[in-house]
Amino acid sequence: MKKLMTFALLLLAMSAQAQTARKFTINLTADSAANMVCFIPETPNGKAIVGIPGGGYSVLSNSHEGYLASDWLNKQGIAYFVVNYRLPNGDRTIPMGDVQKGIRIVRDSADVWGVNPNDVGVMGFSAGGHLASVVSNFSDYDSRPNFTIMFYPVISMDEKVSHKWSCINFLGEEGHNDPALVKEYSTQNAVKRHLTPPACIIMSGDDNLVPPLTNGLEYYKAMRMAGNDCALFLYPSGGHGYGFGPWFAYHNEMLANLGKWLQQLKAPKKDAIRVACIGNSITDGHGIDLAPQRGYPAQLQRMLGNDYWVKNFGVSARTMLNKGDFPYMNELAWRDALAFKPDIVVIKLGTNDSKPQNWQYGKEFKQDLTQMIKALDPKKTKIYLCTPIPALKPSWDINETIIANEIIPIQKKVAKEYGLEVIDLHTLFGADSEKIMDDGIHPNDKGVRSIAQIVAEAIKKK
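From a predicted model like this one, the values you see are computed outputs, not experimental measurements. (Residues numbered from 1 in each chain as written. Predicted model: local features only at pLDDT ≥ 70, side-chain atom pairs only at ≥ 80, totals over all residues. Heavy atoms only, no water.)

### Some points on the sheet that holds strand E10 (residues 308–314)
Here is the rule we go by: At least two bridges found by DSSP between two strands are what make those strands a pair. Runs of H or I in DSSP of at least four residues are treated as helices and runs of E of at least two as strands, each being numbered from the N terminus. Each axis is a line fitted through C-alpha atoms, and for a helix only the stretch in contact is used; angles between axes span 0 to 180 degrees, taken between their N-to-C directions. The contact criterion used is simple: two residues touch if any of their non-hydrogen atoms lie within 4.5 Å.
Spatially, E10-E9-E11-E12-E13 is the arrangement adopted by the 5 strands of the open sheet, whose pairing is parallel. A single partner strand is all that each edge strand has here, and the edge strands are E10 and strand E13 (421–423). Neighbouring strand axes in the sheet, compared pairwise and without regard to direction, differ in orientation by 20° on average. Sheet analysis places strand E11 (residues 344–348) next to strand E12 (residues 382–386), joined by 4 bridges and oriented parallel. Residue pairing in the sheet places Ile344 in a bridge with Lys382 of E12. Packing of helix H12 (residues 296–304) onto the sheet brings it into contact with strand E9 (273–279), E10 and E11, and relative to E10 it is tilted by some 170°.

As structure tokens, this is what we get:
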């Protein structure tokens, strides 16, 4: 009873102090079974959050795990949109589709609502936290959020270490016994380096409904292992299901921590020049701890400044050759790079193509490179074609002779045909062992900075 009275008084206070300029509801389905309640602040700062209530995928707890956050967020200038999604009843695509549609609507209406379309996040609670992590990892680029907030999230779909009914309701009576589906939608397994958005996880150590160790902590571990930006706020007590309720003992501390995390999460300018860095492990940042923050594309971002938006689409071991062992153009990163609609593309592929199992198809290197160039449309996009850095050792059967005498000449020929600018890293980076790791292939911290400097100088000359 005391909790209900506190909640009622809080709602009354919210109505007196609210910084919400407009509140309205948009139907997400023709039959109104799913809708999105929108809270637009008086003074938008460009950031938006799509709220995803919890409820074990059996009900929607959209009060303290939904609407209650609107006042605090609007006071920060953040637009807020609560998606009342349809329950899955075993069909996971239903709630996923509702949230994805909500994200697309927010981005499509960004100018009207004072939102930066590149600064749209999701915030999920419990099962809604799982749904937030699913949308963050399984969505196409246009409906993938820019950041993720999860309160005491269900992460694992293994009911032995998670919330049983969330698993059954999301995967269905048959699906929750399918080991492959359980593994796939246990979202710590879905985290992708560079592509999974930054996350903030809020939990209590005494949560006995959704165990933190096998859920939220597993997601944090996966994010940290990938080098992705992730914050973890683990409070000593509070149990489960407090959301934005003031009865949570650490409510004020939680708001302060979340607010500071949101403030440091800087979004690119709406009109920033988009730079896509396409490549293999050298672009990906192999061997560089926290590569998404310290790799060459991240350093390139800092060198170019806020007028540019640099994104890393590197994937280790990938080839330009479509018949190679790991073709780059088969990757989600390639589809994301196209969807990013870059103004500038920096391509650094070719090293892995020199391996014997790949270069047996070397006659197709030119046509596969040409395919990539045409897909990027050189008439609309400024494309920089980087030659590979020297291979100082034949690690993984990478062949320096093939790189220097066969791959680079083809790259230069294609660049000339399509009017592309060549960044000759093979020469400019040089065979300096002090800039290369012990494997003789990958740049170390010094080498990564050197690549960023060379690429930055080329871009600034345009």
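There's more to say after this.
### Remarks on the side chain of Asn228
Cut-off, in case you're wondering: Counting of polar contacts relies on pairs of N or O atoms within 3.5 Å, with two restrictions inside protein: one atom must be capable of donating a hydrogen and the other of accepting it, and residues adjacent in sequence are counted only when both atoms are side-chain atoms.
Assignment of secondary structure puts Asn228 in the loop between helix H8 (216–226) and strand E8 (230–235). Looking at Asn228, its side chain comes within polar contact range of the main-chain oxygen of Lys192, at 3.1 Å. In contact with Asn228, not counting residues within four places along its chain, are Val191, Lys192, Arg193, His194, Thr196, Met223, Pro292 and Gln293.

### Focus on unusual backbone geometry
The test is simple: Buried, partly exposed and exposed residues are distinguished by accessible area as a fraction of the type maximum, computed with a 1.4 Å probe on protein chains only: under 20%, between the cut-offs, and over 50%, respectively.
Here Ser126, not a glycine, exhibits a phi torsion of approximately 55°, which is positive. Tracing the sequence through the fold places Ser126 in the loop between strand E5 (115–125) and helix H5 (127–138). Relative accessible area serves as the criterion here: at 8%, Ser126 is assigned to the buried category. For His194, which is not glycine, the phi torsion reads 75° and is therefore positive. By the secondary structure assignment, His194 is in the loop between helix H7 (179–184) and strand E7 (199–204). You can call His194 buried: its relative accessible area is 13%.

### What about the pattern of salt bridges?
Any two side chains of opposite charge can pair if their charged atoms end up close together. Selection criterion: Each reported salt bridge corresponds to a side-chain nitrogen of Lys or Arg within 4 Å of a carboxyl oxygen of Asp or Glu.
Taken as a whole and assessed by the stated rule, the structure comprises 16 salt bridges. A salt bridge links Lys382 to Glu421; the shortest N-O distance between them is 3.6 Å. Of this pair, Lys382 sits in strand E12 while Glu421 sits in strand E13, placing them 39 residues apart in sequence. Judged by relative accessible area, Lys382 falls into the partly exposed class, the value being 33%. Connected through salt bridges with shared partners, the residues Arg224, Asp289 and Arg294 form a single ionic network.

### A closer look at the sheet that holds strand E4 (residues 79–84)
Ordered in space as E1-E2-E4-E3-E5-E6-E7-E8, the 8 strands form an open sheet in which the pairing is mixed. Where the open sheet ends on each side, the last strands, each with one partner, are strand E1 (20–27) and E8. In this sheet, neighbouring strand axes are inclined to one another by 15° on average, regardless of whether the strands run parallel or antiparallel. Both strand E2 (residues 35–41) and E4 contribute to a ladder of 5 bridges, which runs antiparallel. The partner of Asn35 across the bridge, within E4, is Asn84. With respect to the sheet, helix H3 (residues 93–108) is in contact with E1, E2, strand E3 (46–52), E4 and E5, its orientation differing from that of E5 by roughly 155°.

### As for helix H15 (residues 365–376)
As a reminder, the rule being used: Expected span, for any helix, means 1.5 Å times one less than how many residues it has.
Here H15 contains 12 residues, and its C-alpha end-to-end distance of 17 Å stays within 8% of the 16 Å for a straight helix at 1.5 Å per residue. When we look at burial in H15, the residues that qualify are Phe365, Asp368, Leu369, Thr370, Met372, Ile373 and Leu376. Where H15 is buried, its residues touch E9, helix H13 (332–339), E11, helix H14 (356–359), E12 and helix H16 (400–418). Directly beyond the C-terminal end of H15, a positive phi value near 60° is found at Asp377.

### Comments concerning the side chain of Thr370
Relative to the assigned elements, Thr370 resides in helix H15. On the accessibility criterion, Thr370 (11% relative accessible area) is buried. Once you skip the residues sitting within four places of it in the chain, Thr370 turns out to touch Val414 and Tyr418.

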